[in-house]
Amino acid sequence: MPEKMALTVTRYRPEKESEPTAQTYEVPFRKDWVILDALNHIKDQLDGSLSFRWSCRMGVCGSCGMKVNGTPKLTCAAFLADYLPGPIRVEPLDYFPIIRDLVTDLTDFMQKLEKVKPWIIREREKPLAEGEYLQTPDQLDAYKQFSMCINCMLCYSACPIYGLEPSFVGPAAIALAQRYNLDSRDQGAAERLAILSAKDGIWECTFVSECTKVCPKNVDPAGAIQQYKLTGAAHWVRSLLLPRGTR
Amino acid sequence: MRPITPFLWLLFSAGGTVAALLFPVHVFLTGLAFPLGWVEPPRYEALYGLLRHPVTRLYLFVLIALPLFHWAHRFRYTLYDGLQLKHLTELIAVLCYGTALAATAMAAVLLWNVP
Amino acid sequence: MSAEAPAPRYTLYHPRWYRRRVSVWWWLQNPTYTGFVLRELSSVFVAFFAVVFLWQLRALVRGPEAYAQVLARLGTPLFLLLHAVTFLFVLIHAVTWFNLAPRAMVVRVRGRRLPDWVIVGSNYAAWLVASAVVAVILLRG
């Protein structure tokens, strides 16, 4: 077991440089440490100026996503031991603008998330007096996988289409739209389909499937998008055959 | 105007399925086994006899047309994304689908007019 | 606050944020991306063979001499090489296509989702049957 391990971290201080640079730190190696622990050690003991996001440190908040040796990962879930002997390259997520060091701007994703209306849409809200919505375990099963998304954006960092065409809605937003489309309580599928069938929606996806590979919660956004394409195509055929029959 | 992308995707999917299921055996036989003499190729009379059957002509139409539209859709996105030719997007679409359409029309004319 | 200040506007285009350019060689930076591009390029070989089919069809309709000419051309080293490569890429297309099929189709039987291997397996089975039927028809004649 080595005593130390090297981390090569991206630094970007806009007030004094115009391009990112890399800085290497030596951290103690502990076999139960994750990369987030190493970053916190750097900030506490070696260089307090390093900036990065983190919160729950247990893989549910989605804050600590970064590229580790080129692959998007949650740094709270990436053990130092898995990267021996090192050095480990830690970089900010791809395809988002870098604000500082390892911190990226996520506004683009937030706007896209809002655009797909990720909430239950009802024609008429059920008043409290009528009781609660009932849902069987099978109905829950239909959308449960897509509800696991923690908005960590590793999938956006893995999607080459998002990198090449920044207006693409992206994997997580579409998976979350599907989560509501498939929810038995929701009545907004047609509305969302209209939004996502437009340019930069689901049809931009070419099924690279890297998003599913990097997702830490097994949401399978690529599968969600392909299923959505099938639904969209079926809807198109139906609207062709029965022009007035579709909502 | 109803968007046409779902239709193009359906053509892409159908073409991809046809190509996946049927092209391997056809490429193997026509491209390798017959010319290399591994198996006896069918005689002209037998092939022509098959061709006169309307089912064969429909089969050949599907076998030629759908995979070409599969290519057109896929290649269009490959050029657009892979080579980042965004500024030529309309030209690329016209060239890709246009080629597929032209070849399909040629196949249809040939198959319709088999004597 | 005593005065009504205008609400601060969040600007997306902060001049100091660093925006990384995507290189035109993005697909070489990751083996999965490279595999993806090869998979997409297999469609070129699919189109090539569809055109070869069309060429054969045209010759078949024209008569035995025209058809014999096409057959002779197919036997040349250039075409044999082209078809060997085409066969490889058509196989890549078929295998990647069948392996990805279950992701697009969620088939539910009596409320339970059919496992992936059933859908993939059915695709490969259909492939075997279709190939056998075509081979029998072409080799019988």
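Thresholds, definitions, all that
Residues numbered from 1 in each chain as written. Chains lettered and ligands numbered in written order. Predicted model: local features only at pLDDT ≥ 70, side-chain atom pairs only at ≥ 80, totals over all residues. Helix = DSSP H or I, 4+ residues; strand = E, 2+ residues; numbered from the N terminus. Buried ≥ 20, exposed ≤ 12 C-beta atoms within 10 Å, placed from the backbone. Contact = placed C-beta atoms within 7 Å. Nonpolar A, V, L, I, M, F, W, Y, C, P; charged D, E, K, R; others polar. Pairing = 2+ DSSP bridges. Axes fitted to C-alpha atoms, helices over the stretch in contact; angles between N-to-C directions. pLDDT = per-residue confidence, 0-100. Core = buried A, V, L, I, M, F, W, Y, C linked by C-beta atoms within 7 Å.

### So, the overall build of chain B
Broken down by element type, chain B carries four helices and zero strands. Each helix and strand of chain B, ordered N terminal to C terminal, gives the series α-α-α-α. Counting across all 115 residues of chain B, residues that qualify as buried make up 39%. Considering only intrachain contacts with a sequence separation of at least 6, the fraction spanning at least 24 residues in chain B is 75%.

### Some words on the overall build of chain A
A tally of regular secondary structure across chain A gives nine helices and seven strands. The principal-axis extent of the C-alpha atoms belonging to chain A is close to 70 × 40 × 30 Å. For chain A, with 247 residues in total, the buried portion stands at 42%. Within chain A, counting contacts between residues at least 6 apart in sequence, those at least 24 apart form 65% of the total.

### A closer look at the interface of chain B and chain C
Each partner contributes residues to the interface: chain B has 42 residues there, and chain C has 42 residues. Residue assignment for the side of chain B that touches chain C shows that the elements contributing at least two residues are helix H1 (5–33), helix H2 (44–52), helix H3 (54–82) and helix H4 (89–112) of chain B. Ranked by residue count, the leading element in the side of chain B that touches chain C is H1(B), at 14 residues. Here the side of chain B that touches chain C is built from residues that sort into 33 nonpolar, seven polar and two charged.

### Description of the sheet that holds strand S5 (residues 88–91) of chain A
Residues and elements named next belong to chain A. Sheet architecture is open: five strands sit in the order S2-S1-S5-S3-S4, paired in mixed fashion. The open sheet has two edge strands, strand S2 (21–28) and strand S4 (71–74), and neither has a second partner. On average, each strand axis in the sheet is tilted by 35 degrees relative to the strand beside it, whichever way the strands run. Bridge count for strand S3 (residues 65–68) against S5 is two bridges, and the pairing is antiparallel. When the bridges of S5 are listed, lysine 67 appears paired with glutamate 91. Strand contacts of helix H1 (residues 35–46): strand S1 (4–11), S2, S3 and S5, with the helix running at about 95 degrees to S2, the strand carrying the most contacts.

### So, the confidence of the model for chain B
Residue and element names in this part refer to chain B. Across chain B, the average pLDDT comes to 91, with 98% of residues at 70 or higher. Between the elements of chain B, mean pLDDT differs from a low of 89, seen in H2, to a high of 94, seen in H1. This prediction of the complex comes with two scores: 0.90 for pTM and 0.92 for ipTM.

### Examining the nonpolar core
Formed by 62 residues in total, the largest nonpolar core has its most connected members in Ile35(A), Cys155(A) and Ile174(A). It is helix H6 (residues 171–181) of chain A that provides the largest number of residues to this core, a total of seven residues. The residues contacting Ile174(A), other than those within four sequence positions of it, are Val169(A), Leu196(A), Ile202(A), Pro221(A), Ala224(A), Ile225(A) and Tyr228(A). Judged by nonpolar contacts, the second largest core, of 46 residues, contains Val25(B), Leu63(B), Ala100(B) and Phe98(C).

### Looking at the pairing of S5(A)
Bridge count for S1(A) against S5(A) is three bridges, and the pairing is parallel. Residue Leu7(A) lies in a different strand from S5(A), and its bridge partner there is Ile88(A).

### Things to note about the interface of chain B and chain A
Listed as interface residues are ten residues of chain B and, on the opposing side, ten residues of chain A. At the level of secondary structure, the elements contributing two or more residues to the side of chain B that touches chain A comprise H1 and H3 of chain B. Here the residues of the side of chain B that touches chain A sort into six nonpolar, two polar and two charged.

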